[in-house]
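Here is what each chain is made of, one letter per residue.
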Amino acid sequence: MMRKHDDVVKGIEGFVEENLYLLKEVPEGWQPSDILPDMVAEGWREEIQQMRNQARGVPDEVLIVLIGNTVTEEALPSYQTMVNRHPGVGDDTGASDNPWARWTRGWTAEENRHGEILSRYLYLSGRVDMRAFEITTQHLICNGFDPKTGNDPYKGLIYTSFQERATKISHGNTARLANENGDPTLGKICALVTGDESRHEEAYKRFVGKIFEEDPSGAVLAFAQMMKNTVTMPARRMADGQATDLYGQFAVVAQRIGVYTIRDYAEIIDHLIDYWKIAGLSGLTGDAAKAQDYLGGLAQRYRGLADRAEESLLKQSKTPFRWIFNRSV
Ligand SMILES: [Fe+2]
Ligand SMILES: [Fe+2]
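Residues numbered from 1 in each chain as written. Chains lettered and ligands numbered in written order. Predicted model: local features only at pLDDT ≥ 70, side-chain atom pairs only at ≥ 80, totals over all residues. Heavy atoms only, no water.

**A few points about unusual backbone geometry**
Phase 1: In the Ramachandran plot, K277 falls in the positive-phi region, its phi being about 50° despite a non-glycine side chain.
Phase 2: Positioned with a positive phi, F325 is a non-glycine residue whose angle comes to about 60°.
Phase 3: With respect to the helices and strands, F325 occurs in the loop between β1 (320-321) and β2 (327-328). (Helix = DSSP H or I, 4+ residues; strand = E, 2+ residues; numbered from the N terminus.)

**Re a negative patch on the surface**
Phase 1: Among the surface-exposed residues, D38, E42, E46 and E47 lie close enough to one another that they form a single negatively charged patch.
Phase 2: Take D38: it is sitting in the loop between α3 (32-35) and α4 (44-55). (Patch = residues over 30% accessible without salt bridge, like charges linked within 9 Å, V, L, I, M, F, W, Y side chains within 5 Å. Areas by Shrake-Rupley, 256 points an atom, 1.4 Å probe, with all protein chains shown as cover. Salt bridge = Lys/Arg side-chain N within 4 Å of Asp/Glu carboxyl O. Lys, Arg positive; Asp, Glu negative; His and termini not counted. Charge placed at Lys NZ, Arg CZ, Asp CG, Glu CD.)

**A few points about the packing of aromatic side chains**
Phase 1: Scanning all chains against the criterion turns up 13 aromatic pairs.
Phase 2: Plain terms: the ring middles of Y204 and F207 are 6.1 Å apart, the flat faces sit at 85° to each other, and that makes the pair edge-to-face. You can see Y204 and its partner F207 sitting in helix α10 (residues 184-214), three residues apart, about one turn around the helix. Summarising the burial analysis for this pair, Y204 and F207 share the class buried.
Phase 3: Judged by centre distance (4.7 Å) and plane angle (45°), the ring pair of Y265 and Y302 falls under tilted. Here Y302 lies in helix α15 (residues 298-315) and Y265 lies in helix α13 (residues 262-275), a separation of 37 residues in the sequence.
Phase 4: Take Y265: its relative accessible area is 8%, and that puts it in the buried class.
Phase 5: Given the relative accessible area of 14%, Y302 is considered buried.
Phase 6: Through pairs of rings, three or more aromatic residues link up here, namely W100, W103, W107, Y204 and F207.
Phase 7: Positioned over the ring face of W30 is R113, at 4.0 Å from the centre of the ring.
Phase 8: The lysine or arginine in question, K228, covers the ring of Y294, its NZ or CZ lying 4.7 Å from the ring centre. (Phe/Tyr/Trp six-rings, centres within 6.5 Å; stacked < 30°, edge-to-face > 60°. Buried < 20%, exposed > 50% of the residue type's maximum accessible area, 1.4 Å probe, protein only. Lys NZ or Arg CZ within 6 Å of the ring centre and 35° of its normal.)

Note that every value here comes from positions in space, so none of it alone points to a role or purpose.
See the structure below:
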C-alpha cells in the first residue's frame, strides 16, 4: 500500500520537535558583527585596512567561487519558498507553532546570516564589482529555482539533505583556501558558515532517516528519482547580464580549484546511501527494490564520470567574469 507522503511527514512532527535543538538559540549563535570591522570602534579605519590587506592575497579563482557561493546564499527567499511549497512541511500561517514551521523559520533565520556576512566581506574587501554581484543576486531571485521535487515532501527533504552537505563542503574548502592564502578573516567567516551547514545537514538527514523508518519503499523510490534527475544546484539560473552561462563558468572554476567537484557529488551520494542504510533495507516493494539496486551502483558511476570530466575541464580556456571587472579566470 502506498502511503501518502504528506501524512507521513505530518506524522513525524514529534521527531522534528525533538531535533529542533539542532538550531542554536539566537543569543548563543554568531552574528556577522562578531567578525566584521566594528564601525563604532575607535580603530575602525585600521580594522578595515587590515581586512583589505588580507583580502589582497585571495586569488581571483577563489574570489570567483566565493562570489558565486554568496549569490547562492543571497537567494534565500527562493529556498524558504521551496520548503513551504511541500505539503505536510509548510508553514500554514507564516507564524505557525507547528514543529516543521518552526524548523523552517529557524533554519531560514540562521541561513540569512550567511549571505549577510559574506556579502559584507565582499563589499569591504575592495576586490569585487559590487554592482555586478548585486545584479546577479537580483536576477537569480527573479529567475527562481526549480529543485525538481514535484512538491513531494520526501524529495524536498532529500534535496535539502544533499544540498546542505554540498554547501558544507564548498564553504569548508573555501575556508581552507582563504587561510592558505593569508586571509584568516575570510577563513573564519567561511568556517562559521560551514558549521551552520553541518548542523542543518544533520537535521535534514535525521528527518529523512525517520521517513525511511516509516515508509522505506516510498523513501527509497523518492531518493532514486531525485538522483536520476541529478541534483539541480540552487544558483543554476543566476545571470550577470553578460555571460551566457554564468553558472557553468562558475562551476568550472569550483571544479578546477577543488572547492566543489563531481567527486564531491559522488561522495555525497555515497554518504547518504550509507547514512540511510539503503543496502540493508528489506521488505521493499518490487519498484523500491529496483530503486535500491540503482542507488547501489550510483556513486561508482559518478566517479567514472569524474575521471573523464576532470580531464576535459582542465583543458577549458579561462573566461572573463564581470564580478571582478572582467578579469579572466
Ligand atoms: Fe547557507
Ligand atoms: Fe544551508
